[in-house]
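In case you want the letters, here they are:
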Amino acid sequence: MSSDKRLLIAGNWKMNGLLQEANDFMDAFGSNPAPEQVEVALMPPFTLLHPMSDRLAGMGVTLGAQNVYYEDKGAFTGSICPMMLRDAGCHYVILGHSERRSIIGESNAQIRSKMNTAWLHGLEPILCIGETLEQRETGVTNVVLAEQLAVLKGAPKNAPLTVAYEPVWAIGTGRTASAEQVTETHAFVHEELTRLGHDCRVLYGGSVNPGNAEELMGCPGVEGALVGGASLKADSFMDIVKAAVKAAS
Ligand SMILES: O=C[C@H](O)COP(=O)(O)O
């Protein structure tokens, strides 16, 4: 579980961001250190981890990566291992994002292997789970989520962990799950996590923006957000953080 129970607002830049764009983001963001009530994290692409780590130093913003490989080192051309992420200043690593599950074909078994290696080297996985529109419409959402959460079976109970519930149909679509759907699904995810022996933060992800963040962050069982598109611009990301501070107060 995560030792920090504050709301977490995490920006996943996905495959976006050149050095100049990161510098522009930080120029706008730089004078606004993270608020005490809400944890703020950024997950830029690998190439920006070191420069972002330097720019974020002393601001109280946590750094994370978007993926990791499940071996420690060696002949794995093109892969990044957990120690490299630690070396770059990362605390978090996103695992099981639906884009990696559907585009790259990542399996639950691979996700579990990555999770084990991440834990071994002191990284906190943000495990992403979520159903497609078809799965929601055919009423199998909870079955799908339980299958994805089953990667946690047998995992050490005190291992650092955050879960992100991201309905696939809400990612990058501008279509957000309703407060009712979010509340109901988060309740199920928390119940399942308890059954598996984990008590950790559960974030919501999927078209979170400055206009809907306060309502979403106020839903019972929602302990933060994994933000994609709206985290690319410092002003919209900061507005989401402000909305989270309001929801937390
Ligand atoms: O990791 C972030 C999620 O995939 C949400 O992305 P989005 O905010 O662009 O919908």
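Values in this document were obtained by computation on a predicted structure and should not be read as measured data.

A. Summary view of the site of the ligand. Around the ligand sit 13 residues, and of these Lys14, His97, Glu166, Gly172 and Ser207 come closest. Taking asparagine 12, its side chain carries an N or O atom lying 2.9 Å from an oxygen atom of the ligand. Here an oxygen atom of the ligand and a side-chain polar atom of glutamate 166 are 3.4 Å apart. Burial of the ligand by the protein amounts to 95% of the accessible area it has alone, namely 310 Å². A breakdown of the residues in the shell around the ligand according to their chemical character gives 4 nonpolar, 7 polar and 2 charged.

B. Summary view of the UniProt feature "active site" (unreviewed entry) in the chain. Feature annotation in UniProt places "active site" (unreviewed entry) on His97 and Glu166, given in this structure's numbering. The largest pairwise C-alpha distance within this set of annotated residues, which runs over 70 residues, is 8.5 Å, so the set is compact in three dimensions. Examined against the element boundaries, histidine 97 turns out to sit in the loop between β4 (92–95) and α4 (98–104). Histidine 97 gets classed as buried once you look at its relative accessible area, which sits at 5%. A polar atom in the side chain of histidine 97 sits 3.0 Å from the backbone nitrogen of glutamate 99. Within the secondary structure layout, glutamate 166 lies in the loop between β6 (162–165) and α8 (179–195). When neighbours within four sequence positions are excluded, glutamate 166 is seen to be in contact with His97, Cys128, Ile129, Gly130, Glu131, Ile171, Gly205, Gly206 and Leu226.

C. Structural view of the environment of leucine 196. Position of leucine 196 relative to the elements: it lies in the loop between α8 and β7 (201–205). Classification of leucine 196 as buried rests on a relative accessible area of 10%. Between the alpha carbons of leucine 196 and alanine 155 there is a distance of 8.8 Å; along the sequence they are 41 residues apart. For leucine 196, the residues in contact, after removing those within four places along its chain, are Leu149, Leu152, Lys153 and Lys157.

D. Fine view of the UniProt feature "binding site: substrate" (unreviewed entry) in the chain. Those residues carrying the UniProt feature "binding site: substrate" (unreviewed entry) are Asn12, Trp13, Lys14, Gly172, Ser207, Gly228 and Gly229 in this numbering. Over a stretch of 218 residues, the named residues converge on one spot in the fold, their C-alpha atoms separated by at most 13.7 Å. Mapped onto the elements of the fold, asparagine 12 is located in strand β1 (residues 7–12). Separated by 2.9 Å, the side chain of asparagine 12 and the backbone nitrogen of lysine 14 make a polar contact. Tracing the backbone through its elements, the reader meets serine 207 in the loop between β7 and α9 (213–217). For serine 207, the residues in contact, after removing those within four places along its chain, are Ala170, Gly172, Thr173, Gly174, Arg175, Thr176 and Asn212.

E. Highlighting the nonpolar core. The biggest cluster of nonpolar side chains holds 68 residues, and the ones touching the most others in it are Ile9, Phe29, Leu127, Leu152 and Val163. Excluding residues that lie within four positions of it along the chain, leucine 152 makes contacts with Arg112, Met115, Trp119, Leu127, Leu161, Leu193, Leu196 and His198. Ala10, Ala41, Cys128 and Ala164 belong to the second largest nonpolar core, which has 11 residues in total.

F. Expanded view of the sheet that holds β1. Read around the closed barrel, 8 strands run β1-β2-β3-β4-β5-β6-β7-β8, paired in parallel fashion. Strand-to-strand twist of the sheet, defined as the mean angle between neighbouring strand axes without regard to direction, takes the value 25°. Each of β2 (38–43) and β3 (61–65) is contacted by helix α2 (residues 49–56), which is oriented at about 175° to β3, the strand it contacts most. Sitting on the sheet, helix α10 (residues 234–248) is in contact with β1, β2 and β8 (224–227), with an inclination near 165° to β1.

Analysis parameters
Residues numbered from 1 in each chain as written. Predicted model: local features only at pLDDT ≥ 70, side-chain atom pairs only at ≥ 80, totals over all residues. Heavy atoms only, no water. Near = heavy atom within 4 Å. Polar contact = N/O pair within 3.5 Å; in protein donor to acceptor, adjacent residues only side chain to side chain. Areas by Shrake-Rupley, 256 points an atom, 1.4 Å probe, with all protein chains shown as cover. Nonpolar A, V, L, I, M, F, W, Y, C, P; charged D, E, K, R; others polar. UniProt positions renumbered as here; feature names shortened; annotations may be inferred. Helix = DSSP H or I, 4+ residues; strand = E, 2+ residues; numbered from the N terminus. Buried < 20%, exposed > 50% of the residue type's maximum accessible area, 1.4 Å probe, protein only. Contact = heavy atoms within 4.5 Å. Core = buried A, V, L, I, M, F, W, Y, C linked by side-chain atoms within 4.5 Å. Pairing = 2+ DSSP bridges. Axes fitted to C-alpha atoms, helices over the stretch in contact; angles between N-to-C directions.

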